[in-house]
Amino acid sequence: LAKTTQPISMDSYEGQEVNITCSHNNIATNDYITWYQQFPSQGPRFIIQGYKTKVTNEVASLFIPADRKSSTLSLPRVSLSDTAVYYCLVGDIDGTGFQKLVFGTGTRLLVSP
Amino acid sequence: NAGVTQTPKFRVLKTGQSMTLLCAQDMNHEYMYWYRQDPGMGLRLIHYSVGEGTTAKGEVPDGYNVSRLKKQNFLLGLESAAPSQTSVYFCASRLPSQGVRTGNYYEQYFGPGTRLTVT
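Because the structure is predicted, anything quoted here is derived from the model rather than measured. Each residue is numbered by its place in its chain's sequence as written, counting from 1. For this description, chains carry letters from A and ligands carry numbers from 1, given in the order in which they are written. Reporting of local features is limited, given that this is a predicted model, to residues whose pLDDT is at least 70; pairs of side-chain atoms are given and counted only at 80 or more, and all residues count toward the totals for whole chains, interfaces and linings. Side-chain measures were taken over the full set of non-hydrogen atoms in the model, leaving aside hydrogen atoms and water.

Undergrad: Can you break down the state of the cysteines residue by residue, with the values?
TA: To count as a disulfide, a pair of cysteine sulfur atoms needs to be within 2.5 Å. One pass over the structure, following the stated rule, counts 2 disulfides over all chains. Put simply, Cys-22 of chain A and Cys-88 of chain A are joined by a disulfide, and their sulfur atoms are 2.2 Å apart. What sets the handedness of the Cys-22 of chain A and Cys-88 of chain A disulfide is the S-S torsion sign, and at about -80° it is left-handed. Within this pair, whereas Cys-22 of chain A is found in strand 2 (residues 18-23), its partner Cys-88 of chain A is found in strand 8 (residues 84-93), the two being separated by 66 residues in sequence. One exposure class covers both Cys-22 of chain A and Cys-88 of chain A, and it is buried. Between the sulfur atoms of Cys-23 of chain B and its disulfide partner Cys-91 of chain B the distance amounts to 1.8 Å. Measuring the twist about the S-S bond at about -75°, one finds the Cys-23 of chain B-Cys-91 of chain B disulfide to be left-handed. With Cys-23 of chain B in strand 3 (residues 19-25) and Cys-91 of chain B in strand 9 (residues 87-94), the pair connects residues that are 68 residues apart, well separated along the chain. Three exposure classes are used, based on accessible area relative to the maximum for each residue type with a 1.4 Å probe and protein chains only: buried under 20%, partly exposed in between, and exposed over 50%. Exposure remark for Cys-23 of chain B: the relative accessible area of 0% places this residue in the buried category. Of the residues examined, Cys-91 of chain B reaches a relative accessible area of 0% and is grouped as buried. Runs of H or I in DSSP of at least four residues are treated as helices and runs of E of at least two as strands, each being numbered from the N terminus.

Below you can see the structure in the form of structure tokens.
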């Protein structure tokens, strides 16, 4: 399973853009990159997934360089409600449904006024 | 549409006691998962199911059993609870997609969690 490394914590202010980088040097050819968000006392919530280049949805953007050894989750104009833990997962779900996705310790983002 | 619900929300057990955690989803999802999350840690997969009547082991299955008698329900059992099983337990479900892994292929819907303490 591909191991991921993320900063333990990050601080930001409302209205700023936040970029959280995840390192995954041993990513496999079939692995996808997925990001989840978790608020205290809640289950994680899916944010975005990608394989290469750039992916954008209504919540965030995901930038993946050509070598795929890292990825960056970009949150535009954060608000206080974006304070949460963000998990970078690398892996795949095989044909039997097995979740080869490992949740690391995540990045704790604190957004201040 | 309630999504994924978990029962109970909190529970305290003594060592050696048994209990069952219930997960229910109303989204007609085929895949269901049980995770545990220890303080300050990420989630670890305990067991999962790819459909009614099926179960399979995840990363940390020891000490747990599961059953999926109905498509909408996934039960997690602890036969003889141990302090090491003190954790927050999350259930998740997913609608399997065929073919290209685009869009929200990896999206799992999580329940609110069950906080279990074993003394």
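Undergrad: Which residues make up the sheet that holds strand 7 (residues 65-67) of chain B, and what values do they have?
TA: Residue and element names in this part refer to chain B. Strands are labelled as partners when DSSP assigns at least two bridges between them. Sheet architecture is open: 4 strands sit in the order 1-3-8-7, paired in antiparallel fashion. Each edge of the sheet is formed by a strand with only one pairing partner; in this case those strands are strand 1 (4-7) and strand 7. Going from strand to strand, the sheet's axes swing by 20° on average, the running direction of each strand aside. Axis definition: a line fitted to C-alpha atoms, limited for helices to the stretch in contact. Angles are taken between N-to-C directions and run from 0 to 180 degrees.

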